[in-house]
Amino acid sequence: KAGVTQTPRYLIKTRGQQVTLSCSPISGHRSVSWYQQTPGQGLQFLFEYFSETQRNKGNFPGRFSGRQFSNSRSEMNVSTLELGDSALYLCASSLDPVSYEQYFGPGTRLTVT
Amino acid sequence: ILNVEQSPQSLHVQEGDSTNFTCSFPSSNFYALHWYRWETAKSPEALFVMTLNGDEKKKGRISATLNTKEGYSYLYIKGSQPEDSATYLCARPDQGGKLIFGQGTELSVKP
């Protein structure tokens with residue numbers, strides 16, 4: 001069974017621009033979660049989608065948004081990029097994020113200059 | 001806020017040593033406890049999802065225990081090998097599925 005895929009893998013953007021990241025979950029998984037990983041903060045929860053509905057949101061500004069499509073693929077958007085948004089962005093899919101393990105994608109490394 | 005604390009922050013052991021790490025979390029409103037292994041240049045990989053007090057799970061040389069009443073979980077590695085070198089993360093979800101991760105324990109196993 002194919003794993004979680006994320007595109008692009010690497011991205012360089014300029015401050016003030018916006019960016020869209022994509023995540024394709026494992027077939028049959030309707031839950032997709034997004035995380036930000038920075039050296040000092042560890043893995044921080046951004047949001048979780050289940051069947052096209054955002055069920056949970058982490059403590060991030062409104063510049064961070066996402067959506068999920070009917071095929072469970074998810075996108076994450078960051079508008080008005082700041083230098084501090086430079087991070088590894090991971091998505092993970094699962095049958096249910098509470099009781100089942102999450103399967104992580106390879107991540108998108110975003111650098112904001 | 002579901003603070004998840006892990007100790008130690010890092011650990012250096014020799015090949016063949018057995019080791020263990022601790023994950024501490026608030027014991028109220030408990031739903032599950034996840035353990036993940038994150039090797040350098042790879043994605044986090046699930047080890048265990050534990051839901052019941054007293055749960056013990058095992059995968060090869062790695063095992064974990066759970067005490068939900070006192071709010072801790074132990075991860076044990078028996079006979080550490082260099083390929084066990086990774087960061088071990090625990091995470092606790094809230095009812096809605098928001099997963100809060102600890103900072104991780106970085107394990108280095110020297111041959």
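Residues numbered from 1 in each chain as written. Chains lettered and ligands numbered in written order. Predicted model: local features only at pLDDT ≥ 70, side-chain atom pairs only at ≥ 80, totals over all residues. Heavy atoms only, no water.

Asks: Honestly, the sheet that holds strand β3 (residues 19-24) of chain A in this entry has me stumped. Any pointers?
Replies: Residue and element names in this part refer to chain A. Strands sit in the order β1-β3-β8-β7 across an open sheet of four strands; the sheet is antiparallel. If you trace the sheet from one side to the other, it starts and ends with β1 (5-7) and β7 (64-68), each paired once. Put simply, the sheet's adjacent strands are angled 20 degrees from each other on average, direction ignored. Pairing geometry for β1 and β3, over three bridges, is antiparallel. In the strand pairing of β3, T7 is matched with S22. (Pairing = 2+ DSSP bridges. Helix = DSSP H or I, 4+ residues; strand = E, 2+ residues; numbered from the N terminus. Axes fitted to C-alpha atoms, helices over the stretch in contact; angles between N-to-C directions.)

Asks: It is not clear to me how the sheet that holds strand β1 (residues 5-7) of chain B should be interpreted in this structure. Could you clarify?
Replies: All names here are of chain B. Spatially, β1-β3-β8-β7-β6 is the arrangement adopted by the five strands of the open sheet, whose pairing is antiparallel. Each having just a single partner strand, β1 and β6 (56-59) make up the two edges of the open sheet. The sheet shows a mean angle of 15 degrees between the axes of neighbouring strands, direction not considered. In this structure, β6 lies alongside strand β7 (residues 62-67), joined through four bridges in antiparallel fashion. Within the sheet, the bridge partner assigned to E56 lies in β7 and is T65.

Asks: What should I look at first to understand the interface of chain B and chain A in this one?
Replies: Many descriptions give the size of an interface as the accessible area lost when the pieces come together. Opposite the 19 residues of chain B that make contact, chain A presents 23 residues. Of all residues in chain B, B:W38, B:K98 and B:F101 bury the most surface against chain A, accounting for 28% of the area lost on that side. Across the contact surface, chain B and chain A share zero salt bridges. Taken together, the connections running from chain B to chain A amount to five residue pairs in polar contact (both at pLDDT 80 or more). Of all the secondary structure elements, the ones that give two or more residues to the side of chain B that touches chain A are β4 (33-38), β5 (45-50), β9 (86-93) and β10 (99-101) of chain B. The element contributing the most residues to the side of chain B that touches chain A is β4(B), with three residues. Here the side of chain B that touches chain A is composed, by residue class, of eleven nonpolar, six polar and two charged. (Contact = heavy atoms within 4.5 Å. Buried area = accessible area lost by both parts, 1.4 Å probe. Salt bridge = Lys/Arg side-chain N within 4 Å of Asp/Glu carboxyl O. Polar contact = N/O pair within 3.5 Å; in protein donor to acceptor, adjacent residues only side chain to side chain. Nonpolar A, V, L, I, M, F, W, Y, C, P; charged D, E, K, R; others polar.)

Asks: How should the pattern of salt bridges be read in this particular structure?
Replies: Where charged atoms from two side chains of opposite charge approach closely, those side chains can pair. Applying the stated rule across the entire model yields eight salt bridges over all chains. Note that B:R37 and B:E45 form a salt bridge whose closest N and O atoms lie 3.5 Å from each other. The buried category is assigned to B:R37, whose relative accessible area is 15%. Connected through salt bridges with shared partners, the residues A:R63, A:E82 and A:D85 form a single ionic network. (Buried < 20%, exposed > 50% of the residue type's maximum accessible area, 1.4 Å probe, protein only.)

Asks: What is the right way to read the packing of aromatic side chains from this model?
Replies: How two aromatic rings sit relative to each other is set out by the distance from centre to centre and by the angle between their planes. Residue and element names in this part refer to chain A. In this structure the tally under the stated criterion is twelve aromatic pairs over all chains. When the centroid spacing of 5.9 Å and the interplanar angle of 75 degrees are considered together, the rings of Y35 and F45 count as edge-to-face. Taken together, the positions of Y35 in strand β4 (residues 31-38) and F45 in strand β5 (residues 42-50) put the pair ten residues apart, joining distant regions of the chain. We classify F45 as buried; its relative accessible area is 5%. Relative to F104, the ring of Y35 has its centre 5.7 Å away and its plane inclined at 40 degrees; by these criteria the two rings are tilted. Taken together, the residues span a long stretch of sequence, with Y35 in strand β4 and F104 in strand β10 (residues 103-104) at a distance of 69 residues. Of the residues examined, Y35 reaches a relative accessible area of 0% and is grouped as buried. (Phe/Tyr/Trp six-rings, centres within 6.5 Å; stacked < 30°, edge-to-face > 60°.)

Asks: What is the right way to read unusual backbone geometry from this model?
Replies: With the exception of glycine, most residues fall at negative phi, and the peptide bonds are largely trans. Cis geometry is found at the peptide bond from A:T7 to A:P8, where omega equals -10 degrees. Looking at where A:P8 falls in the secondary structure, it is placed in the loop between β1 and β2 (10-13). Of note, the bond from B:S7 into B:P8 is cis; its omega dihedral lies within 30 degrees of zero at -5 degrees. Mapped onto the secondary structure, B:P8 falls in the loop between β1 and β2 (10-14). Despite not being glycine, A:T80 has its phi angle at roughly 45 degrees, a positive value. In this fold, A:T80 is placed in the loop between β8 (74-78) and β9 (87-94). By relative accessible area, A:T80 is classed as partly exposed at 47%. In this structure, B:N29 takes a positive phi of about 50 degrees despite not being glycine. Turning to its location among the elements, B:N29 is positioned in the loop between β3 (19-24) and β4. Taking the relative accessible area as the measure of exposure, B:N29 reaches 60% and is therefore exposed.

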